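# A look at the structure
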Number of protein chains: 2
Amino acid sequence: MTQKLPIGVFDSGIGGLTVLSELISQLPGESFIYLGDTARLPYGTKSPETVTRYALGAAQFLMSRGIKLLVVACNTASATALPALRQALAIPVLGVVEPAAQAAARLARQVVGIIGTESTVASGVYQKLLSALRPELKLLARACPLFVPLAEEGWFNHPITHQVAEVYLHPLREAGVDTVVLGCTHYPLLARPIAQALGPEVALINAGREVARQAGELLLREGLLAGQRQGEVTLLVTDAAPRVRRLAAAIIPAVADRLELVDLTETHKARRSHVGSASLAG
Amino acid sequence: MTQKLPIGVFDSGIGGLTVLSELISQLPGESFIYLGDTARLPYGTKSPETVTRYALGAAQFLMSRGIKLLVVACNTASATALPALRQALAIPVLGVVEPAAQAAARLARQVVGIIGTESTVASGVYQKLLSALRPELKLLARACPLFVPLAEEGWFNHPITHQVAEVYLHPLREAGVDTVVLGCTHYPLLARPIAQALGPEVALINAGREVARQAGELLLREGLLAGQRQGEVTLLVTDAAPRVRRLAAAIIPAVADRLELVDLTETHKARRSHVGSASLAG
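Keep in mind it's a predicted model, so treat the numbers as computed, not measured.

Analysis parameters
- Residues numbered from 1 in each chain as written.
- Chains lettered and ligands numbered in written order.
- Predicted model: local features only at pLDDT ≥ 70, side-chain atom pairs only at ≥ 80, totals over all residues.
- Heavy atoms only, no water.
- UniProt positions renumbered as here; feature names shortened; annotations may be inferred.
- Helix = DSSP H or I, 4+ residues; strand = E, 2+ residues; numbered from the N terminus.
- Contact = heavy atoms within 4.5 Å.
- Buried < 20%, exposed > 50% of the residue type's maximum accessible area, 1.4 Å probe, protein only.
- Core = buried A, V, L, I, M, F, W, Y, C linked by side-chain atoms within 4.5 Å.
- Phe/Tyr/Trp six-rings, centres within 6.5 Å; stacked < 30°, edge-to-face > 60°.
- Lys NZ or Arg CZ within 6 Å of the ring centre and 35° of its normal.
- Polar contact = N/O pair within 3.5 Å; in protein donor to acceptor, adjacent residues only side chain to side chain.

## A few points about the UniProt feature "active site" (unreviewed entry) in chain A
All names here are of chain A.
- Listed under "active site" (unreviewed entry) in the UniProt record, and renumbered for this structure, are Cys74 and Cys184. These residues run over 111 residues, yet every pair of their C-alpha atoms falls within 7.7 Å of each other.
- Considering the arrangement of structural elements, one finds Cys74 in the loop between strand E3 (69-72) and helix H3 (75-80).
- Ignoring any residue separated from it by four or fewer positions in sequence, one finds Cys74 in contact with Phe10, Asp11, Ser12, Tyr43 and Val96.
- By the element assignment, Cys184 lies in the loop between strand E7 (179-182) and helix H10 (191-198).
- Taking relative accessible area as the criterion, Cys184 reaches 8% and is therefore assigned buried.
- Setting aside anything within four residues of it in sequence, one finds Cys184 in contact with Asn75, Ile115, Gly116, Thr117 and Val148.

Right, here's the structure in full:
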């Protein structure tokens, strides 16, 4: 029964757990299998070809476990690998970039801020989508390179994080942004310092919340809702360093102790030789 | 003439330019060729096998350009790949870990602090070397994960960097450290905040300075000093993202505009198929 299959969630690391967390809270009757490719992060500095190859390998791995929907909870992979994933997989695939851009286009009045890692901001992916949806909006993008390390240090509400947010976001506030896209899955962890630096009148777009809403609509439309009382959550990572475990525990305390280590390279190789999935080798 | 050949310097990224900078200032008559593997950093999160393979590839690339000495300006590669490099190369190889540990053993009175990335601290490499050299010393290690991103942001002397240094180094100061090993090539860039947080009486060990001294001694001993009026510096990186150029300019302004991009993977593959250097394939 396809309905009973879990939803696959894939990220380059642990930040995507903020997306999983939104999915669990909006779709409590679903089961989830999360795969964080912690051994090969970050993806943001890698070439599009490499990111696509890694994403296809991760998707193939999740398919072999059986999933009914794939959520790509990684900005870089969402911006780069979605066409290849949609072509290679027989199930629906959702990324985090489109839902966030659509929500921003729906909510924005005049000026939209986009914050993310240096590579996401430089890729211009949010800027392109927003310009296509609402060409009259004024857009302002700002890379915030210290936000990920601050989140990974667990300093979600630390005075230093507040000061860093102040430094990064002051120009956006000055420019009168009314809506800001959190263009990195780690950023919802810093929602308090970010909101405080921007002021209470600014709407923050959480990509995880938006993709969870779209996932719910899609499953309903396709008759794929599991409708269980409570689903199960499986967490898989390709490297379980202490900081990975620590951060997982900070984001999803209830399930973080169930972190399992998998070797994606080996499994992917094994599967490739099994099923000869040349189209999946990128 | 071997004497006229440059000294090769290899790092996973740009932090090793602090080592190059010490080498240039102590050995102004030498030429240098620096290779930063910016496309594949960080090394600290990768397995020892992968780090060794990458280091051998980089060394092979530098050998093909002609060098008389290899300085490994990367803590992870120095801790992991030195035996393999020394076995594979016909020229002398110096790492940053041993010279720094030796200097700490020479200078320390009672309590030595070791600061570095999470992986360097967890590897215990400085702790092992220091315990072997002076078993009576009390050792205290502390990972400082935000130092590298702060340095890469260019916040060398920013008030926020001072506060982060205060948070990280307060326990070391409380424990009465008299000597602290800067166990990461980025850390000399934050020397002022680090020194201020530790207090003026604490000796800071700069691995670049120590390896430059050992390099000078070695060249003199082996009759390999170039003895030119002024040497030349070549900077090669495997990825020249804007932040790489920016950081290089902040560390070595005089030569940073000469940054050249090389494709290590292709060159290494090409060389391997040429010379069939199976022992270098790791």
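## Description of the nonpolar core
- Core analysis: the biggest nonpolar cluster contains 151 residues, and A:Ile115, A:Phe147, A:Leu169, B:Ile115, B:Phe147 and B:Leu169 have the highest contact counts within it.
- Setting aside anything within four residues of it in sequence, one finds A:Leu169 in contact with A:Ile115, A:Cys144, A:Phe147, A:Ile194, A:Ala197 and A:Leu198.

## Looking at the packing of aromatic side chains
- Applying the stated rule across the entire model yields 10 aromatic pairs over all chains.
- Ring centres of A:Phe147 and A:Tyr187 lie 5.2 Å apart, and the angle between their planes is 85°; on these two criteria the pair is classed as edge-to-face. Here A:Phe147 is found in helix H8 (residues 147-152), whereas its partner A:Tyr187 is found in the loop between E7 and H10, with 40 residues between them in sequence. Taken as a pair, A:Phe147 and A:Tyr187 share a single burial class, namely buried.
- Three or more aromatic residues joined by ring pairs form one cluster here, namely A:Phe147, A:Tyr168, A:Tyr187 and B:Trp155.
- Above the ring of B:Tyr54, the side-chain terminus of B:Arg40 is found at 3.7 Å from the ring centroid.

## Some points on the UniProt feature "binding site: substrate" (unreviewed entry) in chain A
Residue and element names in this part refer to chain A.
- Within the UniProt annotation, "binding site: substrate" (unreviewed entry) is assigned to Asp11, Ser12, Tyr43, Gly44, Asn75, Thr76, Thr185 and His186. With the annotated positions falling across 176 residues, the maximum pairwise C-alpha distance of 13.9 Å places them together in a single cluster.
- Along the chain, Asp11 turns up in strand E1 (residues 7-11).
- The buried category is assigned to Asp11, whose relative accessible area is 3%.
- Excluding its chain neighbours within four sequence positions, the residues that come into contact with Asp11 are Gly16, Tyr34, Leu35, Gly36, Asp37, Ala73, Cys74 and Thr185.
- A polar atom in the side chain of Asp11 sits 2.7 Å from the backbone nitrogen of Gly16.
- Residue placement: Gly44 occurs in the loop between strand E2 (32-36) and helix H2 (48-65).
- Ignoring any residue separated from it by four or fewer positions in sequence, one finds Gly44 in contact with Thr76 and Ser119.

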